Amino acid sequence: MSRKPARAKIDTLKTLEEQAFGLFGRYGYEGVSIGDIAKAAKLSKGALYWHFQGKEELYLDCLKRLHQIFEHYIFGPMRKEANPVKAILMVFSGLRQLLQDPRVEKGLAGYWLIPSSPETSNLIEAQREFEAGAVAALRDALQRGKDQGMVDFGDDNDLDQMAGGLIALVEACVLPLRHMEQEEVQGILGMLARTLFRAYAKSDEALALARSL
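All values derive from a computational prediction rather than experimental measurement.

Explain the overall build of the chain to me, please; I cannot follow it from the model alone.
When helices and strands are counted, the chain shows nine helices and zero strands. Secondary structure elements of the chain occur, N-terminal to C-terminal, as α-α-α-α-α-α-α-α-α. The principal-axis extents of the C-alpha atoms in the chain amount to approximately 70 × 35 × 30 Å. Across the 213 residues in the chain, those meeting the buried criterion constitute 45%. Per element, the accessible surface of the chain, about 11,300 Å² overall, is 51% carbon and sulfur. Positive and negative charge centroids in the chain, built from 27 and 29 side chains respectively, lie 7 Å apart.

Any chance you could explain helix α6 (residues 121-147) here in plain terms?
In this model α6 runs 38 Å from its N-terminal to its C-terminal C-alpha over 27 residues, within 8% of the 39 Å that 1.5 Å per residue would give. Remark: glycine 149 follows α6 within two positions and exhibits a positive phi of approximately 70 degrees.

Mind showing me how you'd approach the pattern of salt bridges here?
Counted under the stated rule, the structure contains five salt bridges. Of the charged contacts in the structure, one is a salt bridge between aspartate 156 and arginine 139, with a shortest N-O distance of 3.6 Å. A residue pair is termed long-range when its members are at least 10 positions apart, and aspartate 156 in helix α7 (residues 156-177) and arginine 139 in helix α6 qualify at 17 residues. Given a relative accessible area of 46%, aspartate 156 falls into the partly exposed group. Take arginine 139: its relative accessible area is 17%, and that puts it in the buried class. Here the salt bridges share partners, and the residues they tie into one network are Arg139, Asp156 and Asp160.

Explanation requested: the environment of glycine 28 in the structure shown.
With respect to the helices and strands, glycine 28 occurs in the loop between α1 (6-27) and α2 (34-40). Not counting residues within four places of it along the chain, the set of residues in contact with glycine 28 comprises Leu23, Tyr59 and Gly110.

Sorry, what's going on with the environment of glutamate 181 here?
Within the fold, glutamate 181 resides in the loop between α7 and α8 (182-200). Using a relative accessible area of 58% as the deciding quantity, one classes glutamate 181 as exposed. The spacing of glutamate 181 and glutamine 100 is 81 residues in sequence and 9.7 Å in space, taken between C-alpha atoms.

Rules of the game
Residues numbered from 1 in each chain as written. Predicted model: local features only at pLDDT ≥ 70, side-chain atom pairs only at ≥ 80, totals over all residues. Heavy atoms only, no water. Helix = DSSP H or I, 4+ residues; strand = E, 2+ residues; numbered from the N terminus. Buried < 20%, exposed > 50% of the residue type's maximum accessible area, 1.4 Å probe, protein only. Areas by Shrake-Rupley, 256 points an atom, 1.4 Å probe, with all protein chains shown as cover. Lys, Arg positive; Asp, Glu negative; His and termini not counted. Charge placed at Lys NZ, Arg CZ, Asp CG, Glu CD. Expected span 1.5 Å × (residues − 1). Salt bridge = Lys/Arg side-chain N within 4 Å of Asp/Glu carboxyl O. Contact = heavy atoms within 4.5 Å.

This is the structure we're talking about:
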């Protein structure tokens, strides 16, 4: 039997990843079977196992793709931004851009429904590592803003809690806001940003940047 051309293998893998990403995002790890994914991708189970050893490996691949989306729109640009206030505001401006990505249209809630079991320990660890990195990126921006006298989020413990709280807010907002029109999303995120900076801004520049969002 002749081998599949390389292009066909790439297309098959892409279809498989796209279908799995959407299904896991809607129904979570436990709500999706290998058969469900193979059927959605119009593949045999054998073709699926050609690319992935099992559901855990495929889910981990999808989870990493989700993390890459957040890194692309929010945390990657945040780490590169020299102005700490602009970096903090990327929580909101980056989230607005992320919500326009077609990959999030079908839902992402399932990625926060990982059951705790020996089978899923690697998945839970991957999610914790991602969230820890996200919190650290935001914590750094908050600290730089405080050091430069632009914002004041309190002591070290307050900074840690604020960073963790904002990351939780980002994750929570992805779910309801993706159904809204762009103008609605911009209005809500702008209001949240202005509220945050009215409470903690220590410079006119910080307030002006928040109002411009």
